[in-house]
Amino acid sequence: MSDQVAIKIWGNSQGIRIPKNILEKLGLHVSDTLQIEVIDDSIVLKKTFKHKTFEERVAEYNGEISICDYDWGEPVGKEIL
């Protein structure tokens, strides 16, 4: 994929606009944060890690969370029971 963008004045800074098809392909939205790096003669933008909310995590399991006891085995030391 190779698109061209122009650097434009944006307030007291300069900026570029990222085409919609690229945003959609990467799942980026308004106000998302990107990491910017300069590597050789390239500007590299990377998605930053985003913590999920509890609601987002529950939604990944269709709203169902099963809670079960885990058998750690017999005590082998000075565990508090």
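A brief structural summary. (Residues numbered from 1 in each chain as written. Predicted model: local features only at pLDDT ≥ 70, side-chain atom pairs only at ≥ 80, totals over all residues. Heavy atoms only, no water.)

Brief notes about the packing of aromatic side chains
Then, number 1: All told, the structure shown has one aromatic pair when counted by the stated rule.
Then, number 2: A centroid spacing of 4.6 Å and a plane angle of 70° characterise the contact between Tyr70 and Trp72, whose relative ring orientation is edge-to-face. Here Tyr70 and Trp72 have matching classes, each one exposed. (Phe/Tyr/Trp six-rings, centres within 6.5 Å; stacked < 30°, edge-to-face > 60°. Buried < 20%, exposed > 50% of the residue type's maximum accessible area, 1.4 Å probe, protein only.)

Points about the pattern of salt bridges
One side chain can pair with another of opposite charge once the charged atoms of both are near each other.
Then, number 1: Under the defined criterion, the tally for this structure stands at three salt bridges.
Then, number 2: Of the charged contacts in the structure, one is a salt bridge between Glu24 and Lys20, with a shortest N-O distance of 3.9 Å. You can see Glu24 and its partner Lys20 sitting in helix α1 (residues 20-26), four residues apart, about one turn around the helix. Taken individually, Glu24 and Lys20 each receive the classification exposed, so the pair is uniform in this respect.
Then, number 3: Across the salt bridge formed by Glu60 and Lys52, the nearest N and O atoms sit 2.2 Å from each other.
Then, number 4: Taking relative accessible area as the criterion, Glu60 reaches 45% and is therefore assigned partly exposed. (Salt bridge = Lys/Arg side-chain N within 4 Å of Asp/Glu carboxyl O. Helix = DSSP H or I, 4+ residues; strand = E, 2+ residues; numbered from the N terminus.)

Let's talk about unusual backbone geometry
Then, number 1: Positive phi, normally seen in glycine, also occurs at Ser31, with a value near 80°.
Then, number 2: Accessibility expressed as a relative area gives 69% for Ser31, which makes it exposed.
Then, number 3: Within the chain, Asp40 stands out as a residue other than glycine whose phi angle is a positive 55°.
Then, number 4: Residue position: Asp40 is located in the loop between β3 (34-39) and β4 (42-47).
Then, number 5: Among the residues examined, Asp40 registers a relative accessible area of 75% and is labelled exposed.

Focus on the pairing of β4
Then, number 1: Pairing geometry for β3 and β4, over six bridges, is antiparallel. Residue pairing across strands places Ile36 opposite Leu45, the latter belonging to β4.
Then, number 2: Taking the residues between adjacent antiparallel strands as the criterion, β3 and β4 are bridged by two residues, where Asp40 takes a positive phi near 55°. (Pairing = 2+ DSSP bridges.)

Geometric descriptors of this kind do not, in isolation, establish any biological role.
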